[in-house]
Amino acid sequence: MTVSSEKFRLAAADYALLGVDVEAALNTLAGIPISIHCWQGDDVIGFDGAGAVSGGIQATGNYPGRARNFAQLKQDIETALHLLPGKHRLNLHASYAVFEPGQKVDRDQLKPEHFQPWIAFAKENGLALDFNPTLFGHPLAEAATLSSEDEAIRQFWIRHCQTCIKIAEAFADQLEDTSLVNIWIPDGLKDIPADRTSPRARLKASLDQILALDYDRSKVKIAVESKVFGIGIESYTVGSHEFYMNYAAQNQLLCLLDSGHYHPTEMISDKISSMLLFSDELALHISRPVRWDSDHVVLYDDETRQIAQEIIRNDVRRIRIATDYFDASINRIAAWAIGVRSVRKALLNALLMPQATLAELQRQRRFTELMALQEQLKMAPLGAVWETFCQRQGVPGEQEWLRVVQDYERRVLAKREEEEQG
C-alpha cells in the first residue's frame with residue numbers, strides 16, 4: 001500500500017501554512033546518518049567465544065533465530081537495511097571479529113585483517129563503520145578493566161583499546177570516511193565504596209596511555225561513554241558522566257551520551273544544548289530506559305522526539321547518532337526496524353517544526369501561544385510525509401515492513417533454529 005500523491009500534497013500544504021518546507025525537510029532527512037548497532041542481531045554475544053553477555057548488562061529473552069556467525073548476522077543486517085530509509089552507518093563491537101579456522105587471537109592482538117569481511121560488507125552496502133572496544137564478556141573483565149587494581153589486566157585492556165583505534169583507522173582508510181571509536185567500561189561496585197577516587201585515577205591513567213598512541217585524528221574520532229549503574233554495580237560506577245564529561249573536554253574527545261545511562265528523571269535531550277556550548281561535536285546512543293534497564297527498543301516516544309528536536313536545533317552536523325539496544329524477546333530484525341525507523345521519524349518530526357517561530361514565541365515570553373502551537377503540531381499530518389519518504393527511499397511503509405520480516409522469519413530464521421536444534 002502506498003500513500004497517494006494527493007495526501008502528500010495536502011500534508012505539504014498544511015505544513016506550508018506553518019512556514020515549513022516539506023521537500024527541504026525530506027532532503028535533509030535523507031542525508032542524516034544513523035549508525036546501526038550490530039549487537040541487536042545476536043544478543044551482544046559476539047564471535048570470540050564469550051557465549052553470554054556480562055559486565056552489568058543483560059539481554060533477556062530467547063526468541064528463535066538468533067544470528068550465530070558472521071554469515072547469519074550479515075544476512076540479518078542486510079534484511080534490516082532494506083526496511084530502513086535514509087543514510088546509515090554500521091556500529092561494530094570488537095567481539096565481532098571474523099576469524100579463519102585456527103586463527104583466533106585474544107582481544108589485545110586484534111588486527112584490521114580480522115575485520116576485513118566487515119569492510120567488504122560495508123562497501124557492498126554503502127556503509128561507513130564505527131567501532132567499540134569490547135571490555136566485557138571476557139575472563140579479564142570479571143572484576144574491572146581499565147580501572148583494575150591489577151596492572152597486567154589494565155595493560156591488557158589498554159592494548160585492546162589501542163588496537164581498536166588502529167582498526168578504526170583502517171576502516172577510515174578503506175571506506176574513506178571517519179570512524180568513531182567509543183570506549184565504555186563496566187567497572188564499578190555492588191555496594192558502597194570506601195574509595196571512589198583511586199579507581200577513577202587508574203581509569204584516567206589508563207585512558208592517558210591509550211591516547212598516547214599515534215593515530216590520525218582526522219580519520220578516527222574517540223568518544224567516552226558513561227553509565228549510572230548496571231547489574232552488580234548498583235552503588236558505584238567508575239566511569240561516571242562527570243568523569244567522562246571532564247575527561248573528554250580536557251582531551252578534545254567526544255563525550256557520548258546514552259539515553260539509557262542516567263537516572264530515570266535525567267533526560268539527555270536536556271543535556272545536548274549544554275554540551276554543545278563547550279564541545280565541537282557530541283555523540284549519542286539512542287536507547288529507551290524502562291526503570292533500571294537501559295536497552296529497550298527505541299520507540300517514537302516523547303523523549304526520542306525531544307532528543308531529535310535538540311539534534312536539529314543544535315546543528316545535526318555536530319552530532320553523531322547511533323542506536324544501542326538489545327531485545328532478545330522479539331524478532332530481532334523487527335527490533336532493528338522499529339528502533340531505527342523511530343529515530344528517523346523523530347528526526348522528520350523535528351525537521352517539520354517551525355523552529356524559528358517556536359523560538360521567537362519563547363523569546364517574547366508568549367507562552368500561551370507557544371504551548372498552543374506545540375500541541376497543534378502533535379496533530380500535524382506527519383504520517384503522510386513519512387510514507388512518502390519511505391516510498392522515495394524504496395523501503396516498505398508502515399503497513400508493509402512487518403510482512404517482510406514475517407516472511408523472512410518463515411523462510412530463514414525458523415530453519416536456522418531447526419538446524420541448530422537438529
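Residues numbered from 1 in each chain as written. Predicted model: local features only at pLDDT ≥ 70, side-chain atom pairs only at ≥ 80, totals over all residues. Heavy atoms only, no water.

### Observations concerning helix α10 (residues 332–351)
Then, number 1: Taking 1.5 Å of rise per residue, the 20 residues of α10 would be expected to cover 28 Å, and the 29 Å separating its terminal C-alpha atoms lies within 8% of that figure.
Then, number 2: With a side-chain oxygen lying 2.9 Å from the backbone nitrogen of I333, the N-terminal cap of α10 falls on N331. (Helix = DSSP H or I, 4+ residues; strand = E, 2+ residues; numbered from the N terminus. Expected span 1.5 Å × (residues − 1). Polar contact = N/O pair within 3.5 Å; in protein donor to acceptor, adjacent residues only side chain to side chain.)

### A closer look at the environment of A59
Then, number 1: Note that A59 resides in the loop between β1 (34–37) and α3 (70–81).
Then, number 2: Owing to a relative accessible area of 18%, A59 belongs among the buried residues under this scheme. (Buried < 20%, exposed > 50% of the residue type's maximum accessible area, 1.4 Å probe, protein only.)

### Remarks on empty space enclosed by the protein
Then, number 1: Using the criterion set out here, one finds one cavity of 30 Å³ or more in the structure.
Then, number 2: In this structure, the largest cavity spans a volume of roughly 190 Å³.
Then, number 3: Around the largest cavity sit 17 residues that line it, and H93, F136, W184, E225 and D324 are the ones nearest its centre.
Then, number 4: Among the residues forming the lining of the largest cavity, the class breakdown is seven nonpolar, six polar and four charged. (1 Å grid on protein atoms, 1.4 Å probe; cavity = no way out; pocket = protein on both sides within 12 Å on 5 of 7 lines; lining within 4 Å. Points joined across faces, edges and corners; volume = space filled by probe spheres on them. Nonpolar A, V, L, I, M, F, W, Y, C, P; charged D, E, K, R; others polar.)

### Some points on the nonpolar core
Then, number 1: Counting residues in each nonpolar core, the largest one holds 121 residues, and the members touching the most others are W118, F131, L146, L284, I321 and L347.
Then, number 2: Among the elements that line this core, the one with the most residues is α10, at twelve residues.
Then, number 3: Among the nonpolar cores identified, the runner-up in size contains six residues, and L361, L370, L373 and L377 belong to it. (Core = buried A, V, L, I, M, F, W, Y, C linked by side-chain atoms within 4.5 Å.)

### Quick word on the pattern of salt bridges
Then, number 1: What the rule picks out here adds up to 29 salt bridges.
Then, number 2: In this structure, R341 and E398 form a salt bridge, with 2.6 Å as the shortest nitrogen-oxygen distance. Placement of R341 in helix α10 and of E398 in the loop between α13 (382–393) and α14 (401–421) is noted, with a sequence separation of 57 residues between them.
Then, number 3: A relative accessible area of 2% places R341 in the buried class.
Then, number 4: With relative accessibility at 31%, the residue E398 sits in the partly exposed group.
Then, number 5: Across the salt bridge formed by R363 and E360, the nearest N and O atoms sit 2.6 Å from each other. (Salt bridge = Lys/Arg side-chain N within 4 Å of Asp/Glu carboxyl O.)

### Things to note about the pairing of strand β4 (residues 179–183)
Then, number 1: For β4, the buried fraction is high: five of the five residues fall into the buried class.
Then, number 2: Direction of pairing for β4 relative to strand β6 (residues 220–225): parallel, over a ladder of five bridges. In the strand pairing of β6, V181 is matched with I222. (Pairing = 2+ DSSP bridges.)

### Overview of unusual backbone geometry
Then, number 1: Within the chain, E176 stands out as a residue other than glycine whose phi angle is a positive 55 degrees.
Then, number 2: Relative to the assigned elements, E176 resides in the loop between α5 (151–175) and β4.
Then, number 3: Classification of E176 as exposed rests on a relative accessible area of 73%.
Then, number 4: With phi around 55 degrees, Q252 is a residue other than glycine that occupies positive phi space.
Then, number 5: Assignment of secondary structure puts Q252 in the loop between α7 (241–251) and β8 (254–258).

### Brief notes about the environment of P199
Then, number 1: Among the secondary structure elements, P199 is positioned in helix α6 (residues 197–211).
Then, number 2: The spacing of P199 and S147 is 52 residues in sequence and 5.1 Å in space, taken between C-alpha atoms.
Then, number 3: Residues contacting P199, with those up to four places away along its chain left out, are S147, Y236 and V238. (Contact = heavy atoms within 4.5 Å.)

### Quick notes on the packing of α6 against α7
Then, number 1: Direction vectors running N to C along α6 and α7 enclose 30 degrees, while the axes themselves pass 12 Å from each other. Accordingly, the angle class assigned to the pair α6 and α7 is roughly parallel. Judged by the sense of rotation from one axis to the other, the crossing of α6 with α7 is right-handed. Side by side, α6 and α7 meet where R200, L203, K204, L207, D208 and L211 of the first sit next to F243, Y244, Y247, Q250 and N251 of the second.
Then, number 2: Its residues placed into classes, the contact of α6 with α7 shows six nonpolar, two polar and three charged. (Axes fitted to C-alpha atoms, helices over the stretch in contact; angles between N-to-C directions. Parallel < 35°, antiparallel > 145°, perpendicular 65-115°, else oblique. Left-handed = near helix turned anticlockwise from the far one by under 90°.)

None of the figures reported here should be taken as evidence of function without further support.
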